[in-house]
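Fold and contact review
These are the residues of each chain, in order.
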Amino acid sequence: MGLIIEAIVTGILTGGVYALMSSGLTLIFGVMDIINIAQGILVILGAYLSFVLQQHFHIDLFLGLLITMPVMFGFGVLLEFVFIRPLKRDRTMLSLLVMYGLALVIEGVLNLIFSADLVQLQGWYTTASFNVGGFYLSYIYVFGFLLAVVLLAGLYWLVYRTKFGFSLRASMQNRVAAELIGIDVERISAITFGIGIALAAAGGMAFGATNAFDAASSYDLISRVLAIIIFGGMGSLSGALIASVGMLVVEDVTSVVWSPVWASTVFFILLVIILVVRPQGLLGQAEVRKQ
Amino acid sequence: MSLLETQDVTKAFGGIQALNSCSISVEQGSITGLIGPNGSGKTTLFNVMTGYERVDGGQIRFEGRTITNASPDKVFRLGMGRTFQLTRVFPRLTVLENMHVAAQRNDLKGLFSRWSSTHEQQRALELLDFVGLTKHKNLPAGNLSYGQKKLLEFAFILIAEPRVILLDEPAGGVNPTMLNYLTSRIRALNERGVTFLIVEHNMEFVMGLCSRIMVMHRGTKIAEGTPVEVRANPAVLEAYLGD
Amino acid sequence: MKILKMVGVLVLLACAIIFPQVFTDPTVTTIAVFTLIFAAVATGWNILGGYSGYISLGHIAYFGIGAYAMALFCLHWNIPGGYEPFLLVPLTALIAAVVSIPLGWIALRVRRHTFIVITIAMFFIIQLLAYNLIWLTNGSTGLGLPIPTDWGGYFFNYPFYYAALILLVIAVLVSWWIRNSKFGLGLLAIRDDEDRALGLGVKTVASKLAAFAIAAFFAGAAGAIYAYFVESIYPATIFDPNFDVAVVLMVFLGGLGTISGPILGALIMEPLQQYLNLQYGENGYNLIILGGIFLLVMLILPRGILPTLGDLWRKYRAMREQDTAVQAEEGMVITALPGRVGRSTAGRDESAPTAIAPNQNEPGEGINV
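The sections below set out a description of the structure shown in this document. This one's a predicted model, so the numbers in the text were calculated from it and none came from an experiment. (Residues numbered from 1 in each chain as written. Chains lettered and ligands numbered in written order. Predicted model: local features only at pLDDT ≥ 70, side-chain atom pairs only at ≥ 80, totals over all residues.)

1. Considering the overall build of chain A
When helices and strands are tallied, chain A shows 12 helices and two strands. If you list the helices and strands of chain A from N to C, you get α-α-α-α-α-β-β-α-α-α-α-α-α-α. Its C-alpha atoms give chain A a radius of gyration of 19 Å, near enough to 19 Å, the size a compact globule of 291 residues would have. Taking the intrachain contacts of chain A between residues at least 6 apart in sequence as the baseline, contacts between residues at least 24 apart amount to 77%. (Helix = DSSP H or I, 4+ residues; strand = E, 2+ residues; numbered from the N terminus. Rg over C-alpha atoms; globule rule 2.2 N^0.38 Å. Contact = placed C-beta atoms within 7 Å.)

Right under this line is the structure:
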């Protein structure tokens, strides 16, 4: 029983980290109708950036975010401008393929620079742990979760309480109408993309501190993140949060109760179930038949 | 004889009551007009009749048969065709291919044989000729002008030999000469037994073409009669001016 | 014109048949085998992605299923190396197709954007199953396939080459036939405007599912041949996302929705990919270059080579003939009605009253090219 509780707790904590990575993706989809398939590798890129800052400049992982997040934000805006904006027709499809090509390039570069050795981010909190009602919990899990909470709260505030957020939500609902009332949808898109990538940087740091990774880890990541946002409903921030925590908890509990081998499969089985029962995801919008 | 009728149909979108106990009846063989100020529910009525929207309440009957909430393809197969306000043709298919999409085949074998079988091809070409688009038959439909697309849409519905056609603002954005042409096509078809229900804002077009007109306002029918009667009806005037 | 096309196709086919007899170098024929295999996958995939517009980014899962089916049959039915395994290919393809049906049904319930993502997720699910269903698939240890011992030297590649060629030819024939059938027209209509197609009586759900399964069929068949060719398969190597992307890229490069586009794409991409993997597979350059090519193609030639060439050719011809684009404004002649439209033909004058408008050429305004 204690193991199950431990599994639930770790599930919630890691779920928070996945929520960070997924919310960027779902936000980008919601505003721009674009599936950023490169999100996985960008998370890894963020992780490597934190790694470099820590290894070579001895900057603490969390403090390093003050550097990596803005940098990745800028990178995201740049990517949007160079690779997405020029696509006029068939945006969703082409952007998917373009981002995949980009992901390949980034993966190749990372492979080149860092080789295929597995690395893991280090800090006092990754090794030290504290005792919680019978089991040991590594500090990093809690810190990572707190980071996720803070950032997601910030995101929530941004999206629901600011003027920018208003414009963002308007663009999400009806691009054309938003443009008609003077919202610069292009600018919003670029900024949103940047935010999504900045969140990936943060998620990358948290991920990298709790898992050994290399460039190829991106595949596993992206498949999970995609499953999460489909489950939660593409375009829904709260959906991403609920799905992240929910699916991670189920996975961790399955790992304990059944076997670790099946845990990740269960993750995806959940996805299939939701697709059969409710194709638009938990909080997604049902497809409306166009007139 | 009533070919198409709705009975107390209601439909709301969120807080907006688009159709409010709307009952209309379309006579067989008529060209009936449906007018009303913006927001009166005309297009919504079309949508529920042709299966693009579900009703909240009420009944829809076609040729005596209840078709409430039937799917669009079922409705089409039963013999009711419709056009859309913003023309919807298949832009990457050629004009001729567009015609064939709607040609119905009911057997499995038919599904796998060539789409341009002789008998259908002949019919498709006849109809293209009828609307005057023969010369463009191999052009991608996306290259047609707006008016030509309207004609194409009109034509490919005809290939299924519908008994009633619902036209949603056919005159919208169309120049006068084309409009005359369209009117003549409608009349010609009507003489052959096709019933029409036309939603339109262009009064001249409607009054000149339709033998019977119904007026909608705020989701329900407020007046009905010949063009002369409707024009003189004070309730109609109030509906248009009062809002 | 049509005869010219037919002759051209036959010539190409003849070249393909004698190719390995002329170029006997095993390295060359090996690349050729891979090219043919992936050309078949691409052609099949195009039936779904190109015709209906539903881009499945995980169809390689069925490639893998075909591969595993082949390996398992050979294992459990004690099939020796030789020509027998080739006889199993249709069976493995059928299995892949059958598996794809429930998955396709689930995936096709949503519209395009979500569909793409779901196919990716399904790919990973199947890969995971390959890892985890150890009693079936042997997990990450992988499975071996029978090795034909009496095919020595450069002969070894020949049976594979011709098997793959036959598969490709069948795929092309099926693709061509679908393109000209009512079924195919329905798919194309779905691509342009699915709701409208549905409204006009096209059976959209069944059509999409059929295309999905057909694409899975060819992917499965190709996977079976591939497995037999490479002699051993592992979840990591068979369910490789890069295969998937390569196939999609091939189709896009050659021309999405065209019949020969996928083949052209395969002819370009596969040798290139093999070369890159060989030269640069170690350090990651291969990914960079591949990704870079991908990006270039997407940004510059989004429609693919063949359609772009087709457009250029059309423009060239238009310039040569100096078509007058200006059509007579509103010129129309009201013609006689087609007799069929709901009326009796007994003894009536067929022609409707006519009114001849000013210019007699076409109804409607000018065409925008």
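2. Section: the nonpolar core
Ranked by size, the top nonpolar core spans 293 residues in total, and within it Ala155(B), Ala121(C), Ala164(C) and Ile225(C) carry the most contacts. A per-element tally of this core places helix α9 (residues 204-230) of chain C first, with 18 residues. The residues contacting Ile225(C), other than those within four sequence positions of it, are Ile37(C), Val89(C), Phe160(C), Ala163(C), Ala164(C) and Leu167(C). (Core = buried A, V, L, I, M, F, W, Y, C linked by C-beta atoms within 7 Å. Buried ≥ 20, exposed ≤ 12 C-beta atoms within 10 Å, placed from the backbone.)

3. Topic: the sheet that holds strand β3 (residues 31-35) of chain B
Residue and element names in this part refer to chain B. Taken in spatial order, the six strands line up as β6-β7-β8-β3-β9-β10 in an open sheet, and their pairing is mixed. Of all the strands in the sheet, the pair left with one neighbour each is β6 (80-82) and β10 (220-225). With direction set aside, neighbouring strand axes in the sheet form an average angle of 20°. Where strand β7 (residues 164-168) lies against strand β8 (residues 195-199), five bridges are found, and the strand directions are parallel. Within the sheet, the bridge partner assigned to Asp168 lies in β8 and is Val199. (Pairing = 2+ DSSP bridges. Axes fitted to C-alpha atoms, helices over the stretch in contact; angles between N-to-C directions.)

4. Details of the pairing of strand β2 (residues 16-27) of chain B
In regular strands, side chains alternate between the two faces of the sheet. All names here are of chain B. Inspection of the sheet shows strand β1 (residues 2-13) paired to β2 by eight bridges, in the antiparallel sense. For Ser2, the partnering residue across the bridge sits in β2 and is Glu27. Joining the antiparallel neighbours β1 and β2 is a turn of two residues, in which Gly14 adopts a positive phi near 60°.

5. What about the environment of Ser100(C)?
Residues and elements named next belong to chain C. Its place among the elements puts Ser100 in helix α4 (residues 84-107). Ser100 sits 38 residues away from Tyr62 along the chain, and the two C-alpha atoms are 7.3 Å apart. Once residues lying within four places of it in the same chain are set aside, the contact partners of Ser100 are Tyr62, Phe212, Ala213 and Ala216.

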